[in-house]
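Now for the letters of each chain:
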Amino acid sequence: GMVGITRGEWILAIMVPSLTSEQIEAQHGSNSEASVYAALRDRLAADVTVLYSVPWIDIAGNQKRDGEIDFIVIDPHNGILILEAKGGTVEISSGGRWFTRDSNGNLVGITNPFRQGVDSKYVVERQIDDIPELDTSGLTFGHGVILSDMLGSLGNLGVDAPPDIVITGDELEVID
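In this report, we go over the structure that sits alongside the text. Predicted model only: the values in this text are computed from it and were never measured.

Side note on helix 2 (residues 31–43)
At step 1: The terminal C-alpha atoms of helix 2 lie 18 Å apart, and with 13 residues this matches the ideal 18 Å at 1.5 Å per residue to within 8%.
At step 2: Along helix 2, the residues classified as buried are Ser 32, Glu 33, Ala 34, Val 36, Tyr 37, Ala 38, Ala 39, Leu 40 and Arg 41.

Structure (structure tokens):
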């Protein structure tokens, strides 16, 4: 199998694809994703594999849907975690709609990242369950959201967003 890369005294998690922060910013225009990527690489154990920017297609019934997962964390001891990363200042309207502020300070509507995470989690779970000869009965699937530019306690983000599954920017240092 693959072995984590040693950097100084750190053993790094396996990242797929292996990218520099500059490459992430060039390809995805996101320095917040680059900081999350670096935190996952540098803080998680060497036997953890992290898949970055994973597209999916779901063919359930007669409808086809597609999406993308920011990070899939595969931990042989704990299961599979789907992480949605959102940069910028995130705001939620009273109607439960999510917004982020762009560089000019304008509010831009975004998909609820918790709903996105749940969606992606079920797609991945179904597709892994469909692999013949693979016993998934002991496998745990979870999802979470990283709001990397938000700091401190965020208060109530809604019933689908308990604090246990939210990581803020000041928690990246202890993301493990």
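Quick look at the sheet that holds strand 10 (residues 141–147)
At step 1: The sheet built from six strands is open, its strands ordered 3-4-5-6-10-11 with mixed pairing. Bordering the open sheet on either side are strand 3 (14–16) and strand 11 (166–168), each of which pairs with just one other strand. Here the strands of the sheet are splayed against their neighbours by 40° on average, with no regard to which way each runs.
At step 2: Here strand 4 (residues 49–60) runs beside strand 5 (residues 63–75); their pairing, made up of 11 bridges, is antiparallel. Following the sheet pairing, Asp 58 is matched in strand 5 by Arg 65.

Overview of the packing of aromatic side chains
How two aromatic rings sit relative to each other is set out by the distance from centre to centre and by the angle between their planes.
At step 1: Under the defined criterion, the tally for this structure stands at three aromatic pairs.
At step 2: With centroids separated by 5.6 Å and ring planes inclined at 80°, the aromatic side chains of Tyr 37 and Tyr 52 adopt a geometry described as edge-to-face. Remark: Tyr 52 occurs in strand 4 and Tyr 37 occurs in helix 2; sequence separation between them is 15 residues. For the pair formed by Tyr 37 and Tyr 52, the shared burial category is buried.
At step 3: Each ring, one from Trp 98 and one from Phe 114, has its centre 5.6 Å from the other, and the planes form 50°; the classification is tilted. Here the residue Trp 98 occupies a position in strand 8 (residues 98–101), and Phe 114 occupies one in helix 3 (residues 113–129), the gap between them amounting to 16 residues.
At step 4: For Trp 98, a relative accessible area of 4% corresponds to the buried category.
At step 5: Residue classification places Phe 114 among the buried positions, given a relative accessible area of 0%.
At step 6: Within the aromatic cluster, the residues linked to one another by ring pairs are Tyr 37, Tyr 52 and Phe 71.

A look at unusual backbone geometry
At step 1: The omega angle of the peptide bond from Val 16 to Pro 17 is -5°, so this bond is cis rather than trans.
At step 2: A positive phi is found at Ser 53, a non-glycine position, where the angle reads about 55°.
At step 3: Of note, Ser 53 is situated in strand 4.
At step 4: Ser 53 gets classed as buried once you look at its relative accessible area, which sits at 17%.
At step 5: Of note in this structure, Glu 133 is not a glycine but carries a positive phi near 65°.
At step 6: Looking at the element boundaries, Glu 133 is found in the loop between helix 3 and strand 10.

Structural notes on the packing of helix 1 (residues 21–28) against helix 2
At step 1: Two numbers describe how helix 1 lies on helix 2: the axes approach to 8 Å, and their chain directions differ by 145°. Pair helix 1 / helix 2 crosses with right-handed handedness. Within the contact between the two elements, helix 1 uses Ser 21, Ile 24, Glu 25 and His 28 and helix 2 uses Asn 31, Glu 33, Ala 34 and Tyr 37.
At step 2: Its residues placed into classes, the contact of helix 1 with helix 2 shows three nonpolar, three polar and two charged.

Reading guide: rules and limits
- Residues numbered from 1 in each chain as written.
- Predicted model: local features only at pLDDT ≥ 70, side-chain atom pairs only at ≥ 80, totals over all residues.
- Heavy atoms only, no water.
- Helix = DSSP H or I, 4+ residues; strand = E, 2+ residues; numbered from the N terminus.
- Expected span 1.5 Å × (residues − 1).
- Buried < 20%, exposed > 50% of the residue type's maximum accessible area, 1.4 Å probe, protein only.
- Pairing = 2+ DSSP bridges.
- Axes fitted to C-alpha atoms, helices over the stretch in contact; angles between N-to-C directions.
- Phe/Tyr/Trp six-rings, centres within 6.5 Å; stacked < 30°, edge-to-face > 60°.
- Left-handed = near helix turned anticlockwise from the far one by under 90°.
- Contact = heavy atoms within 4.5 Å.
- Nonpolar A, V, L, I, M, F, W, Y, C, P; charged D, E, K, R; others polar.

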